[in-house]
Structures are given as C-alpha cells and as structure tokens.
Amino acid sequence: MGGSSPCASCKLLRRRCAKDCIFAPYFPSDDPHKFAIVHKVFGASNVSKMLQELPIHQRSDAVSSLVYEANARVRDPVYGCVGAISYLQNQVSQLQMQLAVAQAEILCIQMQQEPALPTHQIDPDDKSLLLHSNLNNLPQYLNFASSSNVIQDPLKRESLWT
C-alpha cells in the first residue's frame, strides 16, 4: 500500500507498510480480523514465505484457503477443516442412505399398486394343465373382431390343434 494507510498485517504487526508489501493486496486495512486469525494460527513469517513461493495469480486463492483453515482451526483446534469435511461426508452418507430407503419404499408402493400378474408354477410333465390353462385364457388375449377362424368359446379348443 505504502503511504496512506497500512494494510491489516502491517497495522497488527505495528510496522511501516512498504510499497511492495506482500500482504497489502490480500489483507486490506478495513478487514483486520482476516489477518489476525491467519497470523494467530500460522504466523506472519510462514504466511509471507508461502505467498512468496506462489505465483501471483494463485496468491488470492491461497489466502482464501489460509483464512478458511485458520477459522476452522480456531473453531476446532484438533481437526480444523478436516473435521468439517468429515462431518459433511458423514452427512452426505446419511442422506444417500435415506435416499436409498425412500427409493426402495417408492418401488415397494409401485409394486403393490400394479395389478398382480398370474404366475403359475407349471410342472413340465403336466401337459394337460398347460393346455387347459393357456386355452382357457386364450379369448382374453385374442381381442380380434369376430372372425371365423378365431375361437371365441374356450370349449371349442380342439379346433385350434387341428
């Protein structure tokens, strides 16, 4: 910043803010808490070294990450942002489980609402049952207009086979 108003870091560290201050673009004087929390967790020297090692176009994202991690460390000194990530992953896992249960319930309800299809257990050796069950149900499957070659009466089943 140099000259007019020192950046938040220089103000907190009580030093003169140089024109080429590495903190000035990322820690403005109107948001002193942002640098204070980063300084408390990481230290000004470490933050300065990190920022100097990064290309200029990545520094803003790095500062955002440092501020986030510092805030997480203040809230949870042991786990920091890993604690927040674990909590969110557990929440996603629970919600996926609830979604799976809800989808299963929907499927069960849909299955109950569908009309039951006839399921006959047929012994392959019992051909008479096969003949009678298929021929007795034949008129409901043959919904043609009355035709001379379509059997409408299930009692006349012999003509189907001749």
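Our structure's up above, just so we're on the same page.
Residues numbered from 1 in each chain as written. Predicted model: local features only at pLDDT ≥ 70, side-chain atom pairs only at ≥ 80, totals over all residues. Heavy atoms only, no water.

Below, the discussion takes up the overall build of the chain. Check the secondary structure of the chain and you find eight helices and zero strands. Each helix (α) and strand (β) of the chain, taken in turn from the N terminus, gives the series α-α-α-α-α-α-α-α. Considering the chain as a whole, with its 162 residues, one finds that 21% of them fall into the buried category. Considering only contacts in the chain between residues 6 or more positions apart, those separated by 24 or more positions represent 36%. Counting only carbon and sulfur atoms, one obtains 57% of the accessible surface of the chain, whose full area is about 12,500 Å². (Helix = DSSP H or I, 4+ residues; strand = E, 2+ residues; numbered from the N terminus. Buried < 20%, exposed > 50% of the residue type's maximum accessible area, 1.4 Å probe, protein only. Contact = heavy atoms within 4.5 Å. Areas by Shrake-Rupley, 256 points an atom, 1.4 Å probe, with all protein chains shown as cover.)

Another point: the state of the cysteines. Within this structure, the stated rule accounts for zero disulfides. We note that Cys10 lacks a disulfide partner, and the nearest cysteine sulfur, in Cys7, lies 3.5 Å from it. Overall, the relative accessible area of 1% leaves Cys10 in the buried class. No disulfide involves Cys17; its sulfur sits 3.7 Å from the nearest other cysteine sulfur, which is in Cys10. Note on Cys17: relative accessible area 7%, which makes it buried. (Disulfide = S-S within 2.5 Å.)

This paragraph deals with the packing of aromatic side chains. The tally for this structure, following the rule as stated, stands at three aromatic pairs. Measuring from ring centre to ring centre gives 5.1 Å for Phe27 and Phe35, while their planes differ by 75°; the resulting arrangement is edge-to-face. Of the two residues examined, Phe27 and Phe35, each falls in the buried class. (Phe/Tyr/Trp six-rings, centres within 6.5 Å; stacked < 30°, edge-to-face > 60°.)

Within helix H2 (residues 32-42), the full set of buried residues consists of Phe35, Ile37 and Val38. Angularly, the buried residues of H2 cover 165° about the axis, an arc narrow enough to put them on a single face. In H2, the exposed residues that point more than 90 degrees away from the buried face are His33 and Lys40. In this structure, the buried residues of H2 make contact with helix H1 (8-13), helix H3 (44-53) and helix H4 (56-75). Directly after H2, the chain includes Gly43, whose backbone phi takes a positive value near 90°. (Arc of directions from axis to C-beta.)

Residues Cys7, Cys21, Phe23, Phe27, Val38, Val47 and Leu51 are the most contacted members of the largest nonpolar core, which totals 20 residues. Here this core takes four residues from H4, the largest share from any one element. (Core = buried A, V, L, I, M, F, W, Y, C linked by side-chain atoms within 4.5 Å.)

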